[in-house]
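# Examination of the molecular architecture
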Amino acid sequence: MKARSLEAGLRWRLVAVLTLLWLAGTLGAGVALWHETGEVLDSALEETAQRLLVLPLQDDDAATPRVAEVGEHEEHVIYQVFDARGRLRLRSHEAPEEPLGQDLADGLHRLGPWRVAVITRDDGRRRAVVAEALEHRVESVTESLLALVWPLAVLLPAAVVLVGVVIRRGLTGVRQTGEALDRRAAHELDPLPLAPVPVEMQPFVRSVNALLARVGQLLQAEQAFAAQAAHELRTPLAAARAQAQRLLAHTSDEGLQERVRSLLRQIDRLTRTSERLLDLARLRGGTTLRRSAVDLAELARLVVSDFGGESGAVSVRVVAPPPVLEADADLLALALRNLVENALRHGRAPVVVEVAPCRLTVLDAGAGVSPEEWERLALPFERGATPAGGTGLGLALVVQVARAHGAELRAAQAPGGGFAVTLEWPRPR
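Scope of this entry: the structure provided in the associated data block. Numbers given for residues are sequential positions, taken from 1 along each chain in its written order. The predicted origin of the model limits local features to residues at a pLDDT of at least 70 and limits the giving and counting of side-chain atom pairs to 80 or more, whereas totals for whole chains, interfaces and linings rest on all residues. For the side-chain quantities, the full set of heavy atoms in the structure was used; hydrogens and water were omitted.

### Side note on the pattern of salt bridges
Any carboxyl oxygen of Asp or Glu that lies within 4 Å of a side-chain nitrogen of Lys or Arg is treated as forming a salt bridge with it. Tallied over the full model, the rule gives 11 salt bridges. Here Asp42 ties to Arg115 by a salt bridge, and the two come within 3.0 Å at their closest N and O atoms. Of the two residues, Asp42 is situated in helix H1 (residues 6-53) and Arg115 in strand E5 (residues 114-120); the sequence distance between them amounts to 73 residues. For every residue, the accessible area obtained with a 1.4 Å probe (protein chains only) is divided by the maximum for its type, and the residue is called buried under 20%, exposed over 50%, and partly exposed between those limits. Given the relative accessible area of 10%, Asp42 is considered buried. In this structure, the salt-bridge partner of Arg410 is Glu408, at a minimum N-O distance of 4.0 Å. Its relative accessible area of 47% is what places Glu408 among the partly exposed residues. Among the charged side chains, a network of salt bridges with common partners joins Asp42, Arg115, Glu132 and Arg137. Secondary structure elements follow DSSP: runs of H or I of four or more residues count as helices, runs of E of two or more count as strands, with numbering from the N terminus.

### Brief notes about the sheet that holds strand E10 (residues 351-356)
A sheet is described by the order of its strands in space; here 5 strands give the open sequence E8-E10-E11-E13-E12, paired in mixed fashion. Sheet topology places strand E8 (314-318) and strand E12 (408-413) at the edges, where each strand pairs with a single neighbour. Ignoring strand direction, the axes of neighbouring strands in this sheet form an average angle of 20 degrees. In the sheet, strand E11 (residues 359-364) pairs with strand E13 (residues 419-424) via 6 bridges, with the strands oriented antiparallel. Considered in E13, the bridge of Asp364 is made with Phe419. Running at roughly 170 degrees to E8, helix H6 (residues 296-305) makes contact with E8, E10 and E11 of the sheet. Packed onto the sheet, helix H7 (residues 329-346) meets E8, E10, E11 and E13 and runs at close to 15 degrees relative to E11. Any two strands with at least two DSSP-identified bridges between them are counted as paired. In this analysis an axis means a line fitted to C-alpha atoms, helices contributing only their contacting stretch, and an angle means the value between N-to-C directions, from 0 to 180 degrees. Contacts between residues were defined by any pair of non-hydrogen atoms, one from each residue, lying within 4.5 Å.

### Topic: the side chain of Thr37
With respect to the helices and strands, the residue Thr37 is situated in helix H1. For Thr37, a relative accessible area of 18% puts it in the buried group. As used in this structure description, the phrase polar contact means that two N or O atoms lie within 3.5 Å; if the pair is within protein, one of them must be able to donate a hydrogen and the other to accept it, and residues adjacent in sequence are counted only when both atoms belong to side chains. Here the side chain of Thr37 touches Leu33 through a polar contact of 2.6 Å, landing on its backbone oxygen.

### Observations regarding H6
Because an α-helix completes one turn every 3.6 residues, residues spaced three or four positions apart along the sequence face the same direction. Looking only at H6, the buried set comprises Leu296, Ala297, Leu299, Ala300, Val303 and Val304. Around the axis of H6, the buried residues are gathered within 160 degrees of arc, so they sit on the same side. Where the residues of H6 are buried, they touch strand E7 (292-295), E8, strand E9 (324-327), H7, E10 and E11. For H6, the capping residue at the N-terminal end is Asp295, with a side-chain oxygen 3.0 Å from the backbone nitrogen of Ala297. Comment: arc refers to directions from the helix axis out to C-beta atoms.

### Description of the nonpolar core
In terms of nonpolar packing, the biggest core is built from 39 residues, with Leu296, Leu332, Leu336, Val353, Val362, Leu409 and Trp425 touching the most fellow members. The element that contributes the greatest number of residues to this core is H7, accounting for 8 residues. Sequence-distant contacts of Leu409, defined by excluding residues within four places in its chain, comprise Trp374, Leu395, Val398, Val399, Ala402, Val421, Thr422 and Leu423. Counting residues in hydrophobic clusters, the runner-up holds 11 residues, among them Leu45, Ala49, Ala117 and Ile119. Throughout, nonpolar core names a set of buried Ala, Val, Leu, Ile, Met, Phe, Trp, Tyr and Cys residues whose side chains join them through atoms within 4.5 Å.

### Topic: the environment of Phe307
Tracing the chain through its elements places Phe307 in the loop between H6 and E8. Phe307 gets classed as partly exposed once you look at its relative accessible area, which sits at 22%. Along the backbone, Phe307 and Arg337 are 30 residues apart, and their C-alpha atoms lie at a distance of 9.1 Å. For Phe307, the contacting residues outside a window of four places in its chain are Val314, Arg337, Val340, Glu341 and Leu344.

Coordinates in, geometry out; function isn't part of it.
The following block contains the structure:
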């Protein structure tokens, strides 16, 4: 399931809420505007009718009504003036000749598409009818509402950006806490600070701190057990080896000597297992790296010399002058030695240690393993299907060294055949 961004979710929700509130406010303003505009225009209709009633009209007995002609123009308001006998005496040039609202009482009325004001003089000699097209009112209110809405289209992109900036700044403390957690080494389990985190997120950080504390306790218990077991085994194993060597030196029975040599091999195997358990416990316990300038080519030659040097089954190939890295030389040598041992034991000679900038690769001529098998073998006490023995701790130890140095350990089939295991870390900037 794809993870969703809290910042993006908050930004779009806030923008949606602001848009809805703006539209709701515009709708409310439209209702109020329609009401107020209606009152103003109704008052204007009545005022116009009142003024028509006091206009002096001549030739009241004329056969045809007079038409007010002031040039062609669009009339939103039309009017008619009738005499006491109901004859049309005056009209605007777009007003119809048929009477509007002939049977309407004085006051304001809605007559079809018209809003009509009817007023009769007190003496009954004249009656004025003034009408406005309702379409004009709707158009006026609609244009006013559009004038309120169109800024939303202009301001909405700016609102998206500004709301995003505000939310991003508000989540700065959360982001800083997450980045600080990402930068931590695997063994750093100190509680996260609460100061930069907003109050709403502090319960989450407290839960994370409680989880870190529990993980720290479990790791300490595991490390203490492994370290104590390795220490407790070292002394009796050394004593047992000394007794077996003494027995081998004082006996001439070939059958007994072979059994003693087999016993020595098993004691040596137990000793290597205990030593690697101790090394693994120290690495998991967050042993402080003793960093110094390390020349990878020189380190590779030093490790290869333990296996018979360049004349043996292991050789060194420098692809390019590697940079000098800040690393723990002892731990890197331990990791490289384990990789070479695995290549010799489970792969096939010749084995080549290839040195490149920020990269150490151990190549052998064997068939290698599948990616799934590789992931399993990287776990402690997991062994491959080869008949060669082993403690099942060498590769797990290399994984811990890689993590401690911020490096990546990967395996793949070599381009020219064979199997390659690479220890690589980011290039220095």
